[in-house]
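# Chain and residue survey
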Amino acid sequence: MFFIHFILLILYKYFIFTLHIIRQKEMRMNRLLVLVVILLVPIAIFTAPDDEAVLKTEDHEDISLEMPLASEKEEEEEETIQVMLSTNQDKSDAFSMDLEDYVVGVVAGEMPASFNMEALKAQAVASRTFALYKMDSIQDYVLSVTISDQVYLTQEEMKEKWGSDFDYYYQRVKDAVERTKGEVLTYQGDLASTYYFAISNGYTDDGLTIFNEDKDYLVSVDSSWDKSYQSYSSTYTLSQESFCSKLGITCNGIVITDEVRADNHYVRSITINGQIFTGIQVFQKLNLKSTDFTITVNGGNVEILTYGFGHGVGMSQYGAQGMASDGYTYKDILQHYYQDTEITKL
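The text that follows walks through the structure, step by step, so that each part is easy to find. Given the structure is predicted, the values throughout are model-derived calculations rather than measurements.

Bringing the sheet that holds strand β10 (residues 275-278) into the picture now. Here we have three strands laid out as an open sheet, ordered β8-β9-β10, and antiparallel in their pairing. Two strands bound the open sheet, and with one partner strand each, they are β8 (256-261) and β10. Going from strand to strand, the sheet's axes swing by 15 degrees on average, the running direction of each strand aside. Pairing of strand β9 (residues 267-272) with β10 involves four bridges; the strand directions are antiparallel. Residue Ser-269 lies in a different strand from β10, and its bridge partner there is Thr-278.

What follows is the structure in structure tokens.
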């Protein structure tokens, strides 16, 4: 208000001064020009834009009136996949669990937490894919917490397993799962059947022979990294009577003939005391560690030397560790053991 009064006072004095000049000059043309100036000056002053108003307007020009949309991260957090799990052998009393939480428990149960991070990440993707493949293949499938599906550990079981190192190992496993969150293996757009096992004889085996699954990506591949680990070979000794009893054959001495091996050295068939067995049958009946076995009769005992540990199909966990130690990434590992597959985000 004070500012307006001040301007009016200046204009009044300016008007009086101008009239005085007009009287002195007594020029009609000059009078007209002066009057025009007198009229234009106040108009210009009062119609000038208010700087403060302009600033306020500019401040609001970039503000959108549209409602903000949920971020992609929030949407991902809302969309969680659940798995059905049971701790009972008959899979009764099943309960649901978040997929990613389940994978943490599986990686903890299936692979040494001290392994290289890239190996742990490969295990996380393989375990996640294995569970979803089962659920996708069989309606309302309930996962077991044992080796019949995948070994799953609760946090209490992890604490019992790792003791004072729980915090360290739990964080490593959790990091491996979080860094691969939602990643699965696919083949030609479909979820892959991602079998895995502990250690090979230097080669993996094919899915058709072991599981009767004819998958292009479940083929025998080199896994020579396994040979450098202590658990690569082992010897199993039992009496001749026990040997014959487990195989269900007569035991008037033990005669082994017609042993047939695949190029990867796994036994495909063998004749013992005139009876033909597949390598898988001997592996299962004698509870051996591998289908790459050599049987030797030593007096009243039978000694069986095996190479590798597990069924031999898919990813070798110790092979994954060896690859990771050599600088391969988890993606390299997965695409080596599961040929021509792709890593896809759910």
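For the rest of this paragraph, the subject is the pattern of salt bridges. The final tally for this structure, using the stated rule, is nine salt bridges. Two residues, Asp-149 and Lys-134, come together in a salt bridge whose shortest N-O distance is 4.0 Å. A residue pair is termed long-range when its members are at least 10 positions apart, and Asp-149 in the loop between β3 (143-144) and α7 (155-162) and Lys-134 in helix α6 (residues 117-137) qualify at 15 residues. Here Asp-149 falls in the buried class, since its relative accessible area comes to 7%. Arg-261 is the partner of Asp-292 in a salt bridge, and the nearest nitrogen-oxygen pair spans 3.0 Å.

Turning to the sheet that holds strand β2 (residues 95-98), a few remarks are in order. Spatial ordering of the open sheet is given by β2-β1-β3, a layout of three strands whose pairing is mixed. With partners counted over all chains shown, the strands left at the sheet margins are β2 and β3, one partner each. Bridging between strand β1 (residues 82-86) and β3 involves two bridges; their strand directions are parallel. Residue pairing for β3: Ser-86 is matched across the bridge by Ser-144. Along the sheet, helix α5 (residues 99-110) contacts β1, β2 and β3; its crossing angle with β2, the most-contacted strand, is approximately 90 degrees.

Here we come to the packing of aromatic side chains. Counted according to the given criterion, the structure contains 13 aromatic pairs. Look at Trp-162 and Phe-166: their rings are 6.3 Å apart centre to centre, the planes differ by 35 degrees, and that puts the pair in the tilted class. On the accessibility criterion, Phe-166 (10% relative accessible area) is buried. Here the aromatic rings of Trp-162 and Tyr-169 are separated by 5.8 Å at their centres, their planes lie at 50 degrees, and the arrangement is tilted. For Trp-162, a relative accessible area of 9% corresponds to the buried category. The ring of Phe-166 carries Lys-159 above its face, with NZ or CZ at 5.4 Å from the centroid. The positively charged end of Lys-289 is found above the aromatic ring belonging to Phe-309, 5.0 Å away from the centroid.

Basis of the calculations
- Residues numbered from 1 in each chain as written.
- Predicted model: local features only at pLDDT ≥ 70, side-chain atom pairs only at ≥ 80, totals over all residues.
- Heavy atoms only, no water.
- Pairing = 2+ DSSP bridges.
- Helix = DSSP H or I, 4+ residues; strand = E, 2+ residues; numbered from the N terminus.
- Axes fitted to C-alpha atoms, helices over the stretch in contact; angles between N-to-C directions.
- Salt bridge = Lys/Arg side-chain N within 4 Å of Asp/Glu carboxyl O.
- Buried < 20%, exposed > 50% of the residue type's maximum accessible area, 1.4 Å probe, protein only.
- Contact = heavy atoms within 4.5 Å.
- Phe/Tyr/Trp six-rings, centres within 6.5 Å; stacked < 30°, edge-to-face > 60°.
- Lys NZ or Arg CZ within 6 Å of the ring centre and 35° of its normal.

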